[in-house]
Amino acid sequence: MSKTLERWGSKRAFILAVTGAAVGLGNIWRFPYVAGENGGAAFLLIYVAFVILLGIPVMMAEILIGRAGRRGPMQALGALAVEAGASRHWRWLGLFGAFTVFCILSFYSVVSGWSIEFLVASINGNFRGASAADIGAGFDAFLANPGLLVFNHTLFLLMTMVVVAAGVAKGLERLNNLLMPLLYGLLLLLAAYAATTSGFGTALSWLFLPSWEALTPSVVLHAMGHAFFTLAVGACALMAYGAYMPDEQSLPRAAMAVAVLDISVALLAGIAIFSVVFSQGMDPADGPGLMFVTLPIAFSELPWGSLWLSVFFLLLLLATWTSAINLAEPMVATLQGFGWRRSVSTAIVTFSVWSIGLLSALSFSTIVDFRPLLGRNVFELVSSIPPDIFLPLGGLLIAIFAAWVLPRGTAAAALGVGERGYLCWRHVVRWVSIPLTLMVLLSGLL
Ligand code: TRP
């Protein structure tokens, strides 16, 4: 691909685009269930610390590489490495990122399909007056229905790839300008509603008062993986967006704005979900079904329950859509870099993600006993190993490239904050982010 001339229309559009990538299932579906399985407040605090110490600095590293390279991740890394007198092999990092988002999008699309199903069901009022047992059984029956899961997975993926095919800057800008403010408003409304429920106090103390005995190396590894996942960092996906970043924008400010928005969405969603969980005396450690089972149960017993629930699933679907578009972009950009047309690249990505996604969709029924690794089925594997291991590993290499390999002049210019700001950032990446990521990865794996 020749140097990209396309740019986001404004600074705000860039921040909205990255926020759209960051805010998604990670905040609203994954954060509550992973926090629920990992002790609540202790997990939350470590994850926030990782967002600050690793997530933000590595996000800057990733975007600055894209901005300095102004083309697809693989080509940007290769060209910048050669300019810096380093090995061209750095470009394989772009391919590793594409592989990571490939795995992630394959299950992401399946779970997003659940939201489509639940949105339709709640609009139809299917949960009205249903008992807790009915709803739990209904969710299990839904998961055991391969046809429905595959249909929704297909629908969601097509919805995503249509926008991607149009070209990210054009397709996304209009979408994000509308969606992000709407999403935020809806979440505030939901959290305000949660404050009127009886579980609100318990939810707050469970989320914010840590019990440190719950803390193990695996909890720390999950918290790190989730910090990368929720910020969309570590797979060169934001690198692909950085290529479209306006020249005059300050990167650290954009990164911090995104992180603050991202964490606050997770907190608002967490408060809303756990208030409901505790009001109804449910178990926070219910796993991936947490949100999908507990919310319909809870809302079904409330006035206007179907309306609240529809609003919630609509919001989730919109957020998920903008994230999935970001997940697809590095793959499409990589194929384009090999000389394929955008439409053809998009078609190839759609078909391969769809096929592998089938394995996740069928992990709940047809191939539930197919456990190729560590006793986990395909869904469990792709929803844990890429976020917890591949993203931190990719982030580590991205950080090393930006802070050790890229020449000072190139990196400082792409960061957009002058010499002192650059040195400060580089110091944090070299002496905090890189060693910390390495340490947590090794201790979590061993
Ligand atoms: N951050 C998104 C979420 O929380 C998921 C996501 C979008 C992502 N783009 C990514 C994760 C790139 C890793 C890499 O739902």
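Scroll up a little and you will see the structure.
Small disclaimer: the values here were computed from a predicted structure and weren't measured.

## Quick look at the overall build of the chain
Here is step 1: Tallying secondary structure elements over the chain gives 19 helices and zero strands in all.
Here is step 2: By the compact-globule yardstick of 22 Å for 446 residues, the chain fits well, its C-alpha radius of gyration being 21 Å.
Here is step 3: In terms of its C-alpha atoms, the chain occupies a principal-axis envelope of roughly 65 × 45 × 45 Å.
Here is step 4: Sorting the 446 residues of the chain into buried and exposed places 60% on the buried side.
Here is step 5: Sequence separation of 24 or more characterises 83% of the internal contacts of the chain that already satisfy a separation of 6 or more.
Here is step 6: Here the chain displays about 16,300 Å² of accessible surface, and carbon together with sulfur accounts for 69% of that area.
Here is step 7: Averaging the coordinates of the 22 positive side-chain charges in the chain and doing the same for the 20 negative ones gives two points 17 Å apart.

## Brief notes about the site of the ligand
Here is step 1: Inspection of the region around the ligand gives 15 residues, with Ala22, Gly26, Tyr108, Phe229 and Asn326 positioned closest.
Here is step 2: Here an oxygen atom of the ligand and a side-chain polar atom of Tyr108 are 2.5 Å apart.
Here is step 3: For the ligand, whose accessible area on its own is 370 Å², the fraction buried by protein is 100%.
Here is step 4: When contributions to the shell around the ligand are tallied by element, the ones reaching two or more residues are α1 (11–22), α2 (25–37), α10 (217–231) and α14 (305–337).
Here is step 5: Per-class residue counts for the shell around the ligand are nine nonpolar, six polar and no charged.

## Some points on a nonpolar patch on the surface
Here is step 1: A contiguous nonpolar patch, built from Ile52, Leu53, Trp404, Val428, Trp431 and Val432 and spanning about 540 Å² of accessible area, is present on the exposed surface.
Here is step 2: Of all the secondary structure elements, the ones that give two or more residues to the nonpolar patch are α3 (41–69) and α19 (418–445).
Here is step 3: Of the residues forming the nonpolar patch, the biggest block, three residues, is contributed by α19.
Here is step 4: Relative to the assigned elements, Val428 resides in helix α19.

## A look at the side chain of Thr19
Here is step 1: Mapped onto the elements of the fold, Thr19 is located in helix α1.
Here is step 2: Discounting chain neighbours no more than four positions away, the residues touching Thr19 are Met180, Val258 and Leu261.

## As for helix α17 (residues 385–405)
Here is step 1: The sharpest bend along α17 measures roughly 25 degrees and falls at Leu391, with the proline Pro392 sitting one to four residues further on.
Here is step 2: Across the 21 residues of α17, 16 count as buried, placing the element largely inside the fold.

## A short note on the packing of aromatic side chains
Here is step 1: Enumeration according to the criterion identifies 29 aromatic pairs in this entry.
Here is step 2: Between Phe99 and Phe390, the aromatic rings sit 5.9 Å apart at their centres with planes inclined by 40 degrees, giving tilted as the arrangement. Here Phe390 lies in helix α17 and Phe99 lies in helix α5 (residues 92–123), a separation of 291 residues in the sequence.
Here is step 3: Residue classification places Phe99 among the partly exposed positions, given a relative accessible area of 42%.
Here is step 4: A cation over a ring is seen here: Arg30 above Phe229, with NZ or CZ 4.9 Å from the ring centre.

## Some details on helix α12 (residues 251–279)
Here is step 1: Under the 1.5 Å per step criterion, the end-to-end length of α12 is 42 Å for 29 residues, consistent within 8% with the ideal 42 Å.
Here is step 2: Counting buried positions along α12 yields 21 of 29 residues, so the element is predominantly enclosed.

## Section: the environment of Phe107
Here is step 1: Structurally, the position occupied by Phe107 is in helix α5.
Here is step 2: For Phe107, a relative accessible area of 0% translates into the label buried.
Here is step 3: Other than its neighbours up to four places away in sequence, Phe107 contacts Trp29, Phe229, Ser360, Phe379, Val382 and Ser383.

## Overview of the pattern of salt bridges
Here is step 1: This model, assessed by the stated rule, comprises five salt bridges.
Here is step 2: Here Asp388 ties to Arg30 by a salt bridge, and the two come within 3.8 Å at their closest N and O atoms. In this pair, Asp388 is assigned in helix α17 and Arg30 in helix α2, connecting sequence segments 358 residues apart.
Here is step 3: On the basis of relative accessible area, Asp388 is assigned to the buried category, the value being 5%.
Here is step 4: Asp247 is paired through a salt bridge with Arg70; the nearest N and O atoms lie 2.8 Å apart. In this pair, Asp247 is assigned in the loop between α11 (237–242) and α12 and Arg70 in the loop between α3 and α4 (73–83), connecting sequence segments 177 residues apart.
Here is step 5: When its relative accessible area of 55% is taken as the criterion, Asp247 is described as exposed.
Here is step 6: A relative accessible area of 8% places Arg70 in the buried class.

## Some points on the packing of α3 against α17
Here is step 1: Where α3 meets α17, the axes come as close as 9 Å, and the angle between the chain directions of the two elements is 65 degrees. Where α3 crosses over α17, the two elements pack in a sense that is left-handed. Contact with α3, carried on its side by Val58, Ala61, Glu62 and Ile65, involves Gly395, Ile398, Ala399, Phe401 and Ala402 of α17 and no other residues of that element.
Here is step 2: Here the residues of the contact of α3 with α17 are counted per class, giving seven nonpolar, one polar and one charged.

## Concerning the nonpolar core
Here is step 1: In terms of nonpolar packing, the biggest core is built from 160 residues, with Trp29, Tyr47, Phe50, Trp114, Met291 and Trp425 touching the most fellow members.
Here is step 2: Excluding its chain neighbours within four sequence positions, the residues that come into contact with Trp114 are Trp29, Phe139, Phe142, Leu143, Leu149, Pro288, Phe292, Phe364 and Phe379.

## Some points on the state of the cysteines
Here is step 1: Taken as a whole and judged by the stated rule, the model has zero disulfides.
Here is step 2: Cys103 supplies the cysteine sulfur nearest to Cys236, a cysteine that is in no disulfide, at a spacing of 14 Å.

## Brief notes about the side chain of Asn38
Here is step 1: By the secondary structure assignment, Asn38 is in the loop between α2 and α3.
Here is step 2: Of the residues examined, Asn38 reaches a relative accessible area of 8% and is grouped as buried.
Here is step 3: In this structure, Asn38 is in contact with Phe43, Val219 and His222, ignoring residues within four places of it in sequence.

Definitions and limits used
Residues numbered from 1 in each chain as written. Predicted model: local features only at pLDDT ≥ 70, side-chain atom pairs only at ≥ 80, totals over all residues. Heavy atoms only, no water. Helix = DSSP H or I, 4+ residues; strand = E, 2+ residues; numbered from the N terminus. Rg over C-alpha atoms; globule rule 2.2 N^0.38 Å. Buried < 20%, exposed > 50% of the residue type's maximum accessible area, 1.4 Å probe, protein only. Contact = heavy atoms within 4.5 Å. Areas by Shrake-Rupley, 256 points an atom, 1.4 Å probe, with all protein chains shown as cover. Lys, Arg positive; Asp, Glu negative; His and termini not counted. Charge placed at Lys NZ, Arg CZ, Asp CG, Glu CD. Near = heavy atom within 4 Å. Polar contact = N/O pair within 3.5 Å; in protein donor to acceptor, adjacent residues only side chain to side chain. Nonpolar A, V, L, I, M, F, W, Y, C, P; charged D, E, K, R; others polar. Patch = residues over 30% accessible without salt bridge, like charges linked within 9 Å, V, L, I, M, F, W, Y side chains within 5 Å. Salt bridge = Lys/Arg side-chain N within 4 Å of Asp/Glu carboxyl O. Bend = angle between axes of the 7 residues up to and from the residue. Phe/Tyr/Trp six-rings, centres within 6.5 Å; stacked < 30°, edge-to-face > 60°. Lys NZ or Arg CZ within 6 Å of the ring centre and 35° of its normal. Expected span 1.5 Å × (residues − 1). Axes fitted to C-alpha atoms, helices over the stretch in contact; angles between N-to-C directions. Left-handed = near helix turned anticlockwise from the far one by under 90°. Core = buried A, V, L, I, M, F, W, Y, C linked by side-chain atoms within 4.5 Å. Disulfide = S-S within 2.5 Å.

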